[in-house]
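# Structural characterization, general
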Amino acid sequence: MKNLLTLTLLLTCVNAAAQTTRLADQLPAGALLTLETHNAGAAIDRFAGLVGGVMKAAGGAQGLGDMTTELGGMQQILKSSVGKEAVLGVFSVGAAPQGFKPQLLAVTRVDEFSSEFFRSMIAKKPGAKVGLYPFVRQDGLFVGQARGLVYLSSDKTLLMNYLARLSGKVAPRLNRSAAYSTPTQATGAQEFSLFFNFSAIAKLAHAQLARVLLPRLLSPVVDAIDTLGQYAAGFSTTPTGLTARSAHAANASGKDTPLYHILTHSTDFGVQALIPASAESVVARACAPEQSAYTARWLTRIDLFDPFGFLTDSQLASHLEQSSRYLADECAQVSLAGGMAAAYGGSDPLKAFDYSVTYQKVSDMAAAQAVMPEYAATLNKAIANLPKALGTLIKSANSASMRGLAEEGGMSALTFGAATSGLSQSMKQLDALLGRLKLVYAFKDGYLITAYSPVALAAALADTAPRLADDAAFQAAQLDLSASAGWQYARAPQKVSSAQLMKLFTKSLPANSSGRDQQEMSSVLKPVSAVMSDLINRYGGMASQSSVTNNLVTSQSSVAYRWGK
């Protein structure tokens, strides 16, 4: 009796430990990527509420009852499985001579409610067993269910290795790998999370490239991927929106040293004292001194593949090389007030440029003032010549194609002429559009401000406008902008009406469509516009900041979003 009691207690403790241990902790080491969920029931409820609202708006009352019932049933199944905890991992399986293949392994917890649902989907036939965990082969996968878990894999050996670890086998585990634990511990527990091991992907790519004997031209790409190291990110929903965290562990041993410095650079920001307080969004980052020259080298590599000659004509790579002499390490991309409304207006493709400006801190004002006039003139000339180069390329390709159809009898002379005329008209429209696109710039308070619209530049230079640093809402975000890798801030944009979206959608309809076709499309697009405007208008802004500790770049964000009505 005493031995039976001891055994019962031991099994109870083992089962409790299995329930409290994270599923990812038992995964084999060496995952290329993982997707995980933890206690995501509240998030599933919130997303299901949005889906239900969309269905109601799009489908009306007719047939809504059955759809609502089905949605509710699926919602409960998800909450009692993936909503508890689940993990999906991708691993490279194989050996060097034969090559490696990506294979999938997925596991989810289930309770009494969802257990029967999954059990009914697994074929009842003889299979195999590892410890207490049986599995069968079904539809090209290996699947099983036992002890409150449902598991599947595209590779039998991979699944058996996982089940062996669940059964107590001592073997390398993912959670004991620094590549996984360093970024994931920094992000903490999240309802939804992901992990990428770029260094492992680079090693796999290197092995595959070696097998097919590709030239060393691709080595810089592989080295860059390896230097990216590992990345983890996740988010959790809240009653007022969601919070997110990410951690990027750059590979200090990577061969792409300039990229490593770019990834881990930080600075003290002051650009917020220059940006208008009314700006809709700001994306600021610490630009490492090596960044411009690094980008220039990549542009030089792809210059030979540029079919338009734009990179050569604009001398962009040369300018970037020079800019490292006079630009400091603050960069900010700003969308001014009205940018969102312009994007949804749809009447003018270039209207968005009236609300977009870039700020870059200057380290050598005299050098910047000497170089920028020549660069702006060269770039604007290249932009002006772009339609001609693009038109020649497209006209040549299309003419050959249409002429071939005409010769084969698939196109009449009249149709051929109309198509050629239409192409010519399109190129004239493109020429007119790009003819309005010009780089303009100015210097203010130690910063270079650039835009592709005089309207945007004038708005950024307005002296009477309040500044972002003095804005109460921005201050309430409590962003730490010292020794920062970057930050983002966005206020709630202007409301978008369903009528605006309808106008945007109908504008994209073919001009020669019949009145009946347009009426049918409008009846379809009207509820879609209503749904989309509702989802867009729920967004209430966001704030994010990043910091650097050695090789680890961590970011935390907060997004305001209205889940309910």
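Right, let's walk through the structure included here. (Residues numbered from 1 in each chain as written. Predicted model: local features only at pLDDT ≥ 70, side-chain atom pairs only at ≥ 80, totals over all residues. Heavy atoms only, no water.)

## Side note on helix α5 (residues 156-166)
Those residues of α5 not exposed but buried are Leu 158, Leu 159, Tyr 162, Leu 163, Ala 164 and Arg 165. If you check the start of α5, you find a side-chain oxygen 3.2 Å away from the backbone N of Thr 157, and it comes from Asp 155. Looking at the residues trailing α5, positive phi occurs at Gly 168, about 105°. (Buried < 20%, exposed > 50% of the residue type's maximum accessible area, 1.4 Å probe, protein only. Helix = DSSP H or I, 4+ residues; strand = E, 2+ residues; numbered from the N terminus. Polar contact = N/O pair within 3.5 Å; in protein donor to acceptor, adjacent residues only side chain to side chain.)

## Comments concerning the side chain of Gln 272
Considering the arrangement of structural elements, one finds Gln 272 in the loop between α9 (257-263) and β11 (281-286). Beyond its immediate stretch of four places on either side in the chain, Gln 272 contacts Arg 467, Leu 468, Ala 469, Phe 474, Leu 481 and Trp 487. (Contact = heavy atoms within 4.5 Å.)

## Concerning a nonpolar patch on the surface
Together, Met 74, Leu 78, Phe 117 and Met 121 line one region of the surface with nonpolar side chains, adding up to about 340 Å² of accessible area. For the nonpolar patch, the secondary structure elements donating two or more residues are α3 (64-79) and α4 (112-121). With respect to the secondary-structure elements, Met 74 resides in helix α3. Using a relative accessible area of 42% as the deciding quantity, one classes Met 74 as partly exposed. (Patch = residues over 30% accessible without salt bridge, like charges linked within 9 Å, V, L, I, M, F, W, Y side chains within 5 Å. Areas by Shrake-Rupley, 256 points an atom, 1.4 Å probe, with all protein chains shown as cover. Salt bridge = Lys/Arg side-chain N within 4 Å of Asp/Glu carboxyl O.)

## Description of the pattern of salt bridges
Pairing between side chains becomes possible if they bear opposite charge and their charged atoms approach one another. A full pass over the atoms with the stated rule returns ten salt bridges. A salt bridge links Lys 79 to Asp 45; its shortest N-O distance comes to 3.0 Å. Separated by 34 residues along the polypeptide, Lys 79 in helix α3 and Asp 45 in helix α2 (residues 41-59) bring together distant segments of the chain. Overall, the relative accessible area of 26% leaves Lys 79 in the partly exposed class.

## Considerations on the pairing of strand β12 (residues 327-335)
The pairing of β11 with β12 spans six bridges and is classified as antiparallel. Following the sheet pairing, Val 282 is matched in β12 by Val 334. Looking at chain direction, β12 and strand β13 (residues 356-362) are connected through six bridges and run antiparallel. Bridging from a neighbouring strand, Gln 333 pairs with Thr 358 of β13. (Pairing = 2+ DSSP bridges.)

## Here we look at the packing of helix α10 (residues 291-302) against helix α12 (residues 316-323)
Two elements in contact, α10 and α12, have axes whose closest approach is 7 Å; the angle formed by their N-to-C orientations is 160°. The angle between α10 and α12 places the two elements in the roughly antiparallel class. At the point where α10 passes α12, the crossing takes the left-handed sense. Contacts between α10 and α12 involve Ser 292, Ala 293, Thr 295, Ala 296, Arg 297, Leu 299 and Thr 300 on the former and, on the latter, Leu 316, Ala 317, Leu 320, Glu 321 and Ser 323. Split into classes, the residues belonging to the contact of α10 with α12 amount to six nonpolar, four polar and two charged. (Axes fitted to C-alpha atoms, helices over the stretch in contact; angles between N-to-C directions. Parallel < 35°, antiparallel > 145°, perpendicular 65-115°, else oblique. Left-handed = near helix turned anticlockwise from the far one by under 90°. Nonpolar A, V, L, I, M, F, W, Y, C, P; charged D, E, K, R; others polar.)

## Some remarks on the environment of Gly 339
Mapping Gly 339 onto the fold places it in helix α13 (residues 339-345). Relative accessible area serves as the criterion here: at 11%, Gly 339 is assigned to the buried category. The sequence separation of Gly 339 and Ser 281 amounts to 58 residues, and the corresponding C-alpha distance is 9.1 Å.

## Topic: the packing of helix α8 (residues 219-228) against α10
A pair of packed helices is characterised by two quantities: the angle between their axes and the separation of those axes. In the contact formed by α8 and α10, the axes pass within 12 Å of each other and the chain directions differ by 145°. The chirality of how α8 crosses α10 is left-handed. Here Pro 220, Val 221 and Ala 224 of α8 come into contact with α10, specifically with Tyr 294, Trp 298 and Arg 301.

## Some points on unusual backbone geometry
Phi at Asn 39 is positive, roughly 50°, even though this residue is not glycine. One can find Asn 39 in the loop between β1 (33-38) and α2. Overall, the relative accessible area of 62% leaves Asn 39 in the exposed class. Its identity is not glycine, yet Arg 147 carries a phi of approximately 50°, on the positive side. Using a relative accessible area of 36% as the deciding quantity, one classes Arg 147 as partly exposed.

## Structural notes on the pairing of strand β16 (residues 484-491)
The element β16 is extensively covered by neighbouring structure, given that six of its eight residues are classed as buried. As paired strands, β11 and β16 are joined by five bridges and run antiparallel to one another. Along β16, the bridge assignment pairs Ser 281 with Ala 490.

## Description of the packing of aromatic side chains
One pass over the structure, following the stated rule, counts 15 aromatic pairs. Taking the centre distance of 6.4 Å and the plane angle of 75° together, the rings of Phe 135 and Phe 142 count as edge-to-face. Taking relative accessible area as the criterion, Phe 135 reaches 4% and is therefore assigned buried. Residue classification places Phe 142 among the buried residues on the basis of a relative accessible area of 10%. Chaining the aromatic ring pairs together yields one cluster made of Phe 47, Phe 192, Phe 235, Tyr 561 and Trp 563. (Phe/Tyr/Trp six-rings, centres within 6.5 Å; stacked < 30°, edge-to-face > 60°.)

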